[in-house]
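Residue strings, one per chain:
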Amino acid sequence: MNNKLLIIGASGHGKVVADIAIKMNKWKEMAFLDDDESIKSSIGLEVIGTTNEVFSHIDEYDIFVGIGDNAIRQKVLEKLEKAGASIPILIHPDAVIGAQVDIEIGTTVMAGAVVNCCTKIGKGCIINTGATIDHDNYIEDFVHLSPGAHLAGTVQVGNGSWLGIGSVVSNNIKITKGCKIGAGAVVVNDITESGVYVGVPVRRI
Ligand SMILES: CC(=O)SCCNC(=O)CCNC(=O)[C@H](O)C(C)(C)COP(=O)(O)OP(=O)(O)OC[C@H]1O[C@@H](n2cnc3c(N)ncnc32)[C@H](O)[C@@H]1OP(=O)(O)O
């Protein structure tokens, strides 16, 4: 671990990530990289360069990918991991994490989120504001649970899936990789084919 943190992405999601990192009080200095060169600072932190400059900073900084898009976040994080970057886990001090919860690098857990015991969360996930994940879930890599998404017990969410704001998943359900679940959707049966699903209960569109 370094005493400086560099966040890739200075817009909406990156700002919330920075806010969490500031509240964790672990880094003496923080800055952003962003490919929009018109952004000079964000949430009071300086933008010191563009994404392709990241490799010149990996000895000096911990690096966190603050990009909301699951596929882009995966691509950037995997390159950084390969290059040996120190990639932290960011957990807001007001998130509640149960016993025997395993969370991998590059994941952020936001304010008001609750993760119950014996759940595993993979790499590069976003557990957004007020989302809840109950016991024995398995959230694979690069998943995004939007604000207020609720997962009952023993749910599995596949790689890169995105659950929209306020969506609900009943217990013992498996959602395969690469799904988009719409805002306010309710999932009561396994989803075995990647795709976009909306409604109560969900239907594929
Ligand atoms: C901090 C943050 O902001 S985190 C981000 C939080 N954001 C979200 O959760 C957004 C979630 N996204 C959605 O719900 C989107 O509507 C998606 C991904 C499900 C679908 O998006 P698109 O593929 O662009 O679908 P599109 O908008 O064209 O809609 C297709 C049809 O599905 C319907 N539809 C879209 N979303 C929903 C939904 N959530 N519930 C019910 N119906 C829906 C539309 O009304 C439309 O119906 P029609 O064909 O009868 O007119």
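Just so it is clear, the model here is predicted, and its values are computed rather than measured.

Cut-offs and rules
- Residues numbered from 1 in each chain as written.
- Predicted model: local features only at pLDDT ≥ 70, side-chain atom pairs only at ≥ 80, totals over all residues.
- Helix = DSSP H or I, 4+ residues; strand = E, 2+ residues; numbered from the N terminus.
- Rg over C-alpha atoms; globule rule 2.2 N^0.38 Å.
- Buried ≥ 20, exposed ≤ 12 C-beta atoms within 10 Å, placed from the backbone.
- Contact = placed C-beta atoms within 7 Å.
- Pairing = 2+ DSSP bridges.
- pLDDT = per-residue confidence, 0-100.
- Near = placed C-beta within 6 Å.
- Nonpolar A, V, L, I, M, F, W, Y, C, P; charged D, E, K, R; others polar.
- Right-handed = clockwise from strand over helix to strand, strands pointing away.
- UniProt positions renumbered as here; feature names shortened; annotations may be inferred.

A separate point is the overall build of the protein chain. Scanning the protein chain for helices and strands turns up two helices and 24 strands. For the protein chain, the C-alpha radius of gyration of 17 Å lies close to 17 Å, the compact-globule estimate for 205 residues. With the C-alpha coordinates aligned to their principal axes, the bounding extent of the protein chain is approximately 45 × 35 × 30 Å. Residue burial in the protein chain is summarised as follows: out of 205 residues, 42% are buried. Here the analysis covers contacts within the protein chain between residues at least 6 apart in sequence; of these, 26% occur between residues at least 24 apart.

The next thing to look at is the pairing of strand 5 (residues 62–65). Along any regular strand, the residues point their side chains to alternate faces of the sheet. Side chains of strand 5 alternate between two faces, with Asp62 and Phe64 and Ile63 and Val65 buried alike. Sheet analysis places strand 1 (residues 4–8) next to strand 5, joined by four bridges and oriented parallel. The partner of isoleucine 8 across the bridge, within strand 5, is valine 65.

Right, let's get into the sheet that holds strand 16 (residues 150–151). Hydrogen bonds between backbone atoms are what pair the strands of a sheet, whose relative direction is either parallel or antiparallel. Taken in spatial order, the six strands make up an open sheet running 7-10-13-16-19-22, and their pairing is parallel. The sheet is open, and its two borders are formed by strand 7 (96–97) and strand 22 (186–187), each paired with just one other strand. Pairing analysis gives two bridges linking strand 7 to strand 10 (residues 114–115), with the strands arranged parallel. What sits directly across from isoleucine 97, in strand 10, is valine 115.

The next thing to look at is the confidence of the model for the protein chain. With 100% of its residues at a pLDDT of 70 or more, the protein chain has an overall mean of 98. Across the assembled chains, the prediction reports ipTM 0.98 with pTM 0.98.

Lining the immediate surroundings of the ligand are 14 residues, of which Gly164, Ile165, Gly182, Ala183 and Val198 lie closest. Broken down by class, the residue content of the shell around the ligand amounts to seven nonpolar, six polar and one charged.

The next thing to look at is the pairing of strand 1. With four of its five residues buried, strand 1 lies for the most part within the structure. The pairing of strand 1 with strand 2 (residues 29–33) spans five bridges and is classified as parallel. Paired with lysine 4 across the bridge in strand 2 is glutamate 29. Handedness of the crossover is the feature at issue here: the chain leaves strand 1, passes through helix 1 (residues 12–24), returns alongside strand 2, and the resulting connection is right-handed.

This part covers the UniProt feature "domain: PglD N-terminal" (unreviewed entry) in the protein chain. Feature annotation in UniProt places "domain: PglD N-terminal" (unreviewed entry) on residues 4–80, given in this structure's numbering. Taken end to end, residues 4–80 is 31% helix and 23% strand, and its two terminal C-alpha atoms sit 16 Å from one another.

In this section: the sheet that holds strand 20 (residues 174–175). Reading across from one edge, 8-11-14-17-20 is the order of the five strands in this open sheet, with parallel pairing throughout. Edge positions in the sheet fall to strand 8 (102–103) and strand 20, since each has one partner strand and no second.

Let's shift gears to the environment of proline 201. On the secondary structure map, proline 201 appears in the loop between strand 23 (196–198) and strand 24 (203–204). With 12 C-beta atoms packed within 10 Å, proline 201 lands in the exposed category. A sequence separation of 110 residues divides proline 201 from isoleucine 91, and the C-alpha atoms of the two residues are 32 Å apart. Filtering out sequence-adjacent residues up to four positions away, proline 201 remains in contact with Val186, Val187 and Val188.

The next subject is unusual backbone geometry. Look at the link from valine 200 to proline 201: it is a cis peptide, with omega at -15 degrees. At glutamine 100, a residue that is not glycine, the phi angle is positive and equals roughly 55 degrees. Among the structural elements, glutamine 100 can be located in the loop between strand 7 and strand 8. When the 11 C-beta atoms within 10 Å are taken as the criterion, glutamine 100 is described as exposed. A positive phi angle, close to 55 degrees, is found at threonine 154, a residue other than glycine. Along the chain, threonine 154 falls in the loop between strand 16 and strand 17 (156–157).

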